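Residues per chain, in single letters:
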Amino acid sequence: MIQGLSIRESVGGNDIDRIVALRYEILRKPHDLSLADAAFSNDSSSDTVHFLAVSDEKLVGCSTLIFNPKTGEAQLRGMAVAHEYQNQGIGRLMLSAAHARARNAGASLWCNARFSAIGFYERNGWVRKGELFEMPVIGLHSVMIWCGNTGGAETQPIRTC
Ligand SMILES: CC(C)(COP(=O)(O)OP(=O)(O)OC[C@H]1O[C@@H](n2cnc3c(N)ncnc32)[C@H](O)[C@@H]1OP(=O)(O)O)[C@@H](O)C(=O)NCCC(=O)NCCS
């Protein structure tokens, strides 16, 4: 584990610039997408929670949980760990923080997972739902849901864990 690492939560726009910069570097730039493509429309909403992995005040990981009060669901988006910090447990720590948030809110948790990251989510209690689908420019994805919550009607029929 990285010395001095902390996982922080942020609501509102305070940390958006550095979150968008990290998302861009890890998730958008490799596909020749722009910095603007790394911003989400609900980034500054009061229903959105950002998780920041910080080491020596440097942002080394980020993820975003977007709550939908109408459906009781929360979508995990923008999961990114800086290249030199990957495979050191940071992604798992950020997922755990999102799990706790969703559990406390009674929300069912889902994401569109890149094909290359499906194994990461599966190792952390998520299951795939439905067929793979193509996300324009970025490539194959799968809807995944987290099985650690009792969830709503939407998640019940396909619960396998
Ligand atoms: C995917 C990502 C968020 C994972 O974060 P991370 O900090 O590197 O992962 P961790 O070190 O916490 O890994 C936790 C476990 O998942 C495994 N794992 C990590 N990345 C994986 C991957 N891409 N596929 C399969 N397993 C993976 C680790 O080996 C570890 O397994 P263990 O239980 O045997 O120890 C990070 O590697 C990343 O930013 N990748 C590029 C962007 C990306 O794909 N984001 C996800 C978009 S949906």
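In what follows, the accompanying structure is described. Residue indices begin from 1 for each chain and proceed along its sequence in written order. Given that this is a predicted model, residues contribute local features only at a pLDDT of at least 70 and side-chain atom pairs are listed and counted only at 80 or more, while totals for whole chains, interfaces and linings are drawn from all residues. Working from all heavy atoms in the structure, the side-chain values ignore hydrogens and water.

Here's the deal with the overall build of the chain
Strands are runs of DSSP state E lasting at least two residues, helices are runs of H or I lasting at least four, and both sets are numbered from the N terminus onward. Along its length, the chain carries 3 helices and 7 strands. Its helices and strands in sequence order give the chain the pattern β-α-β-β-β-α-β-α-β-β, from N to C terminus. Its C-alpha atoms give the chain a radius of gyration of 15 Å, within 12% of the compact-globule value 15 Å for 161 residues. A principal-axis box enclosing the C-alpha atoms of the chain has dimensions of 45 × 35 × 30 Å. Whether a residue is buried, partly exposed or exposed follows from its accessible area with a 1.4 Å probe, protein chains only, as a fraction of its type maximum: under 20%, in between, or over 50%, in that order. Buried positions account for 43% of the 161 residues belonging to the chain. Expressed as a percentage of contacts within the chain between residues at least 6 apart in sequence, the contacts between residues at least 24 apart total 58%. Accessibility throughout is a Shrake-Rupley quantity obtained with a 1.4 Å probe, and a residue counts as covered only by protein chains that appear here. About 8400 Å² of surface is accessible on the chain, with carbon and sulfur atoms providing 50% of the total. For this measure, only C-alpha atoms enter the radius of gyration; the expected value for a globule follows 2.2 Å times N^0.38, where N is the number of residues. Here, two residues are considered to be in contact whenever any of their heavy atoms come within 4.5 Å of each other.

Things to note about the packing of aromatic side chains
Given two aromatic rings, their pairing is described by the distance between the two centres and the angle made by the two planes. Under the pairing criterion, centres of Phe, Tyr and Trp rings, with the six-membered ring standing for Trp, must be within 6.5 Å; the plane angle then separates stacked pairs below 30 degrees from edge-to-face pairs above 60, leaving the rest tilted. Applying the stated rule across the entire model yields 2 aromatic pairs. Taken together, a centroid distance of 5.1 Å and an interplanar angle of 65° make the contact between F120 and Y121 edge-to-face. For F120, a relative accessible area of 27% gives the class partly exposed. Geometrically, a charge over a ring is one whose NZ (Lys) or CZ (Arg) sits within 6 Å of the ring centre while staying within 35 degrees of the ring normal. For R23, the ring lying beneath its charged end belongs to F40, and the centroid distance is 3.7 Å. The positively charged end of R77 is found above the aromatic ring belonging to F40, 3.7 Å away from the centroid.

What about the site of the ligand?
Near, as used in this document, describes a residue that has one of its heavy atoms within 4 Å of the molecule or strand being considered. In the neighbourhood of the ligand, 21 residues make up the surrounding shell, with V81, N87, G89, G91 and R92 lying closest. Polar contacts, as counted here, are pairs of nitrogen or oxygen atoms within 3.5 Å of one another; within protein the pair requires one atom able to donate a hydrogen and one able to accept it, and residues that are adjacent in sequence qualify only if both atoms are side-chain atoms. One of the backbone N or O atoms of I90 is found 3.5 Å from an oxygen atom in the ligand. One of the side-chain nitrogen or oxygen atoms of R123 is found 2.9 Å away from an oxygen atom of the ligand. About the coverage of the ligand: the protein hides 75% of its 900 Å² of free accessible area. Of the pockets mapped on this structure, the ligand occupies the largest pocket. Those elements that place two or more of their residues in the shell around the ligand are α1 (16–28), β4 (73–81), α2 (90–105), β5 (108–114) and α3 (118–122). Buriedness for pockets is judged along seven lines, at least five of which must meet protein on both sides within 12 Å for an open set on the 1 Å grid over protein atoms alone, while cavities are sets there where a 1.4 Å probe fits but cannot get out, and lining residues have an atom within 4 Å of a point. Cavity and pocket membership follows a simple rule, namely that a molecule belongs there if more than half of its atoms are within 2 Å of the grid points.

Things to note about the nonpolar core
Most often, soluble globular proteins have nonpolar side chains that are buried together. In this structure, L65, L76, I90, Y121 and W126 are the most contacted members of the largest nonpolar core, which totals 38 residues. Elements with a minimum of two residues in this core: α1, β2 (48–55), β3 (58–68), β4, α2, β5, α3 and β7 (139–146). When residues of this core are assigned to their parent elements, the largest contribution, 6 residues, is made by α2. Among residues more than four places away in sequence, those in contact with L65 are D47, T48, V49, F51, A74, Q75, L76, A98, R101, A102 and L109. Buried residues of nine kinds, namely Ala, Val, Leu, Ile, Met, Phe, Trp, Tyr and Cys, make up a nonpolar core once their side-chain atoms join them within 4.5 Å.

Digging into the environment of D37
Mapped onto the secondary structure, D37 falls in the loop between α1 and β2. C-alpha separation for the pair D37 and A74, spaced 37 residues apart in sequence, amounts to 21 Å. A polar contact of 2.8 Å, which involves the side chain of D37, links it to the backbone nitrogen of S34.

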